[in-house]
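What follows is the residue order along each chain.
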Amino acid sequence: MPNFISEDDIEQAMVQKLQLLHGYDSLNCFTSDPEDLADDSGRADKRDVILRDRLLGAALALNPDIPPKTVAGAVDRLMDRRQAMSLIDANRELDGLIRDGVKVEYQNAKGQTQHGRVRVIDFENPKSPHNQFLAVTQLWIKTTGPAAKAAFRRPDVILYVNGLPLVLVELKNSNVKVRTAFDDNLTTYKEEIPQLFLPNAMCVLSNGLDTRVGSLTAEWEHFFPWLRPEDEKENVKRKQVEQDGTSVERFLAGLCPRDRLLDYCENFVVYYQATQKIVAQNHQFLGVNRAFGVFVERRKQLAGGDDAEECARKPLTPSLSRGERKLAGKGPHYRGGLDFSGLVKRARELRQQETPAEDMLWELLRNRRFLGLKFRRQHQIGNYITDFYCDAHKLIVEADGAVHATPETAKKDAKRDAALGSQGFRIVRLTNQAILETPKTALTQIAAELPSTTGRGVGGEGKTPRIANGLGVFWHTQGSGKSFSMIFYARKIYRKCQGNYTFVVVTDREDLDGQIYKNFLRTETVTKAEAAQPKNSEQLRKFLGENKRIVFTLIHKFRWPKGKMYPLLSERDDIVVIVDEAHRTQYKSLAENMRAGLPQAQYLAFTGTPLLGRDRKTNEWFGDYVSEYGFTQSVDDGATVPLYYSKRVPRMQNQNEDLSEEFYEILEDENLDEAQQERLERKFATELSVIRRPDRIAVIADEIVKHFPRRGYLGKGLVVTLDKPMAVTLCGE
């Protein structure tokens, strides 16, 4: 058993770490007389929980262009106790005011009416001196609840940002179950001092051995541990954490650094149907931020910049010129929305200065002369101008003169190729000499980089297909809240990245499509007017050619007649495609159609199934893991019960010597592709008939009936069959 830890010891250790490690100030407000106003909080009324002086000081510093009187009025609006509103409605309203600012109207120096927002927290710059972090202990709060059993309540620790109490921490001795803090304290506080929860972002309960985080509306079973400060795939020995009494340290390290706390409050809190407040769990916060980091890095590379944060705020596709806007109004703009105003003059100069090699290659490529493909010359991609570009396959062809052989130019070329290559562009570099002397060989080199319908390069049979624009694979185990991770991801991109983004959420089942669609609507991530859920393939193609905010669709709606090329729907590079359960559907014609229709889009795969085997096709199509949260981690967190497996297979005599290990390997692969299915039917028809024999199924049914009720413990059972007909037959037995 771990040594006894008192709640006072936990409180003092917590405050010290907040001060020393994270730069918080601290304030002990204990007074022997609860009525005593001299507690250093600066309050004039013990019913108040917002520290007005601190809030006003921060608001004045953050809004120097708004008259002080107007700023003070905005602060008073935040101070209002909203007694006529329900607790969740009041909390939701303040959440919006804190995150987005308080709308105000005022007269400027010229007497003109101005509209603006009074910011009370600088979310863009968490370490700004105008953000003051304060750990307050033992603050007496006068009760306002109609059935209060005491005149005052005194929470253990409250974390303030600019005078706003965003985090409530309630502590217990280590020999008291942490649930007591929920049942006896948190529940009572919500009834008797509801004003404390109006600005609240999250509640934390701890006895030193076990620390839980949840929202003000969460029931006990929805309070979750925060055991992984940095890495969601870390294997945590929970018993060891309890033995060492380090659960509070892990929470503080993971969520209380200034930038993380503000990030969490700004981007990881949603309201479901306006009645439930949902906050991100440990793995969701870390995983979504990893995926967001990849997205920002991609924007940085496309924009040709070095400052990721600046690139995140800057649109990748600047506004078009007047002439280009006219073209864009007639359909998807063939330049993908990229503004040529800065580089068009240079591009024209390059065309006028074409070398003999470039001129020859252009004659070979132009007007679809080469393999029927459309090539453009001196085409802009981000901040680069390429010699020749085929958008259908994202192929760049560079004709290099002697200058490219110099170390300085070669270094620049390598950096440029790395930036473009990371976005999925293929780059072929040909020397001018090679083009002039052996043009056929030059064309062969280009052809080798082009994928055929089988996924193998033209002239390069056996090459691994390389699919552009993969944002990675987000693998979180079943039941870990992937649909809400999608919501947090989309909301953060909308909020933190300037641009006109469209999300396309792709699933392979109607129930999943409907569930995710409803979750996005019910969290107000998107409105019904902004969302699109196409009824059929034709309507899907129509929506994807328009500027919809979020499109929810089944992968099957990308169907198209076999043998015909899928039409181009949009060349926008600000479309983000989120594919749910990507391991099931993303390697066949439907997925190929989707990528052909949206060639510039960015693709992020969500899956609850680990990617195993030699091929790991999901990685090939989307990229590496951006986040991993597996079954083991879920069990560590107590979110999933342990799984115990005992293989029970009825023994049957096999007279067929061809029932090989190869057959069993195929059977155990849950992701059979078309070739494997044909192989099963063709090569193992006899073996399949053995497995489906009625007498064998009867033996299995008898085994289940005898074994399951007599296991000695309660719990669910799972029966896995070869196919649906076999499942129906087994059920009938």
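For the structure itself, consult the block above.
Residues numbered from 1 in each chain as written. Predicted model: local features only at pLDDT ≥ 70, side-chain atom pairs only at ≥ 80, totals over all residues. Heavy atoms only, no water.

**Re the overall build of the protein chain**
Each helix and strand in the protein chain was counted, giving 27 helices and 24 strands. Per-residue burial over the protein chain gives 49% buried out of 733 residues. Long-range contacts, defined as pairs at least 24 residues apart, comprise 67% of the intrachain contacts of the protein chain with a sequence gap of at least 6. As displayed, the protein chain has an accessible area near 36800 Å², and 50% of this comes from carbon and sulfur atoms. (Helix = DSSP H or I, 4+ residues; strand = E, 2+ residues; numbered from the N terminus. Buried < 20%, exposed > 50% of the residue type's maximum accessible area, 1.4 Å probe, protein only. Contact = heavy atoms within 4.5 Å. Areas by Shrake-Rupley, 256 points an atom, 1.4 Å probe, with all protein chains shown as cover.)

**Concerning the sheet that holds strand β8 (residues 164–171)**
If you walk across this open sheet you meet the seven strands as β1-β4-β7-β8-β9-β10-β11, and the pairing is mixed. Because the sheet does not close on itself, it has two edges, and the strands there are β1 (25–28) and β11 (224–225). The sheet contact formed by β1 and strand β4 (residues 133–137) spans four bridges and is parallel. Looking across to β4, one finds that L27 is bridged to V136. (Pairing = 2+ DSSP bridges.)

**Structural notes on helix α19 (residues 537–544)**
Looking at α19, one finds that the buried residues are S537, L540, F543 and L544. Along the axis of α19, the buried residues cluster in a sector spanning 120 degrees; they form a single face. Its buried side turned inward, α19 meets β19 (502–507), β20 (531–532) and β21 (550–554). Measuring from the backbone nitrogen of E538 back to the side-chain oxygen at the start of α19 gives 3.3 Å, which picks out N536 as the cap. (Arc of directions from axis to C-beta. Polar contact = N/O pair within 3.5 Å; in protein donor to acceptor, adjacent residues only side chain to side chain.)

**Re the packing of aromatic side chains**
Applying the stated criterion across every chain yields a total of 25 aromatic pairs. When the centroid spacing of 6.3 Å and the interplanar angle of 85 degrees are considered together, the rings of W140 and F152 count as edge-to-face. Highlighted residues: W140 in the loop between β4 and β5 (141–142) and F152 in strand β6 (residues 152–153), separated in sequence by twelve residues. Like F152, W140 is buried. The interplanar angle of 65 degrees and the centroid separation of 5.6 Å between the aromatic rings of Y264 and F285 together place this pair among those described as edge-to-face. Taken together, the residues span a long stretch of sequence, with Y264 in helix α8 (residues 258–267) and F285 in helix α9 (residues 282–303) at a distance of 21 residues. (Phe/Tyr/Trp six-rings, centres within 6.5 Å; stacked < 30°, edge-to-face > 60°.)

**Things to note about the pattern of salt bridges**
A side chain with one charge may pair with a side chain of the opposite charge, provided their charged atoms come close. Applying the stated rule across the entire model yields 37 salt bridges. Salt-bridge contacts for E234 lead to R250; the nearest nitrogen and oxygen are separated by 3.4 Å. Placement of E234 in the loop between β11 and α6 (238–244) and of R250 in helix α7 (residues 247–255) is noted, with a sequence separation of 16 residues between them. A relative accessible area of 26% places E234 in the partly exposed class. For D702, the salt bridge identified is with K706, shortest N-O distance 3.1 Å. Taken together, the residues D702 and K706, both in helix α26 (residues 694–707) and four residues apart, mark about one turn of the helix. (Salt bridge = Lys/Arg side-chain N within 4 Å of Asp/Glu carboxyl O.)

**Thoughts on the nonpolar core**
I121, L166, Y264, Y489, F503, F520 and F552 are the most contacted members of the largest nonpolar core, which has 119 residues in total. By residue number, the principal contributor to this core is helix α17 (residues 482–496), which donates eight residues. Not counting residues up to four positions away in its chain, the partners in contact with F552 are V505, D513, I516, Y517, F520, V526, A531, A532, Q533 and P534. Ranked by size, the runner-up nonpolar core spans 23 residues in total, among them V551, F558, L598 and A601. (Core = buried A, V, L, I, M, F, W, Y, C linked by side-chain atoms within 4.5 Å.)

**Digging into helix α16 (residues 439–447)**
For α16, the complete set of buried residues consists of A442, L443, I446 and A447. Each buried residue of α16 lies within a common arc of 140 degrees when the element is viewed along its axis, so the set occupies one face. Packed against the buried residues of α16 are α13 (356–365), β16 (395–400), β17 (426–431) and α15 (432–437).

**Let's talk about the pairing of β19**
Counting buried positions along β19 gives six out of six residues, so the element sits mostly inside the fold. Residues of β19 alternate between two faces, with T502, V504 and V506 on one and F503, V505 and T507 on the opposite face, all of them buried. Relative to β21, β19 is paired through five bridges, and the arrangement is parallel. Paired with F503 across the two strands is I550, which belongs to β21.

**Some remarks on the sheet that holds β16**
Within the open sheet, the four strands sit side by side as β14-β15-β16-β17. Their pairing is mixed. At either end of the open sheet lies a strand with only one pairing partner, and these are β14 (376–381) and β17. Sheet twist, expressed as the mean angle between neighbouring strand axes with direction ignored, is 45 degrees. In this sheet, β16 lies alongside strand β15 (residues 384–390) in antiparallel orientation, the contact comprising three bridges. By the bridge assignment for β16, F388 is matched with V397. Packed onto the sheet, α13 meets β14, β15, β16 and β17 and runs at close to 40 degrees relative to β15. Sheet contacts for helix α14 (residues 407–421): β14, β15, β16 and β17; angle to β17, the most-contacted strand, approximately 150 degrees. (Axes fitted to C-alpha atoms, helices over the stretch in contact; angles between N-to-C directions.)

**Things to note about unusual backbone geometry**
The backbone of D40 sits at a positive phi, close to 70 degrees, despite the residue not being glycine. Within the secondary structure layout, D40 lies in the loop between β1 and α2 (52–62). Judged by its relative accessible area of 61%, D40 is exposed.

**Structural notes on the packing of α7 against α8**
At a closest axis distance of 6 Å, the pairing of α7 and α8 adopts a crossing angle of 75 degrees. Considering their axes alone, α7 and α8 lie roughly perpendicular with respect to each other. In contact with A253, G254 and L255 of α7, α8 contributes R260, L261 and Y264. For the contact of α7 with α8, the class distribution of residues is four nonpolar, one polar and one charged. (Parallel < 35°, antiparallel > 145°, perpendicular 65-115°, else oblique. Nonpolar A, V, L, I, M, F, W, Y, C, P; charged D, E, K, R; others polar.)

**Details of a nonpolar patch on the surface**
On the surface, a nonpolar cluster with roughly 230 Å² of combined accessible area is contributed by I704, F708 and V719. The partly exposed category is assigned to V719, whose relative accessible area is 47%. (Patch = residues over 30% accessible without salt bridge, like charges linked within 9 Å, V, L, I, M, F, W, Y side chains within 5 Å.)

**Considering the environment of E105**
Mapped onto the fold, E105 is located in strand β2 (residues 102–107). Its relative accessible area of 52% is what places E105 among the exposed residues. Contacts of E105, omitting those with residues within four sequence positions, involve T70, T113, Q114 and H115. Here the side chain of E105 touches H115 through a polar contact of 3.0 Å, side chain to side chain.

**Some points on the pairing of β17**
Residues R426, V428 and L430 line the buried face of β17, whereas the alternating positions I427, R429 and T431 sit on a face that is not buried. The pairing of β16 with β17 spans six bridges and is classified as parallel. Bridging across to β17, A399 finds its partner in L430.

**Considerations on the packing of α26 against helix α27 (residues 724–732)**
Packing of α26 against α27 leaves a shortest axis separation of 9 Å and a crossing angle of 55 degrees. Here α26 is positioned oblique relative to α27, judged by the angle of their axes. With respect to the hand of their crossing, α26 and α27 are arranged in right-handed fashion. Together, R696, I697, I700, A701 and I704 of α26 and M726, T729 and L730 of α27 make up the contact between the two elements. A breakdown of the residues in the contact of α26 with α27 according to their chemical character gives six nonpolar, one polar and one charged. (Left-handed = near helix turned anticlockwise from the far one by under 90°.)

**Let's talk about the side chain of N267**
Topologically, N267 is positioned in helix α8. Side-chain polar atoms of N267 contact the side chain of D263, separated by 2.8 Å. At a separation of 3.5 Å, a polar atom in the side chain of N267 contacts the side chain of E266.

So yeah, pure geometry; function would need other evidence.
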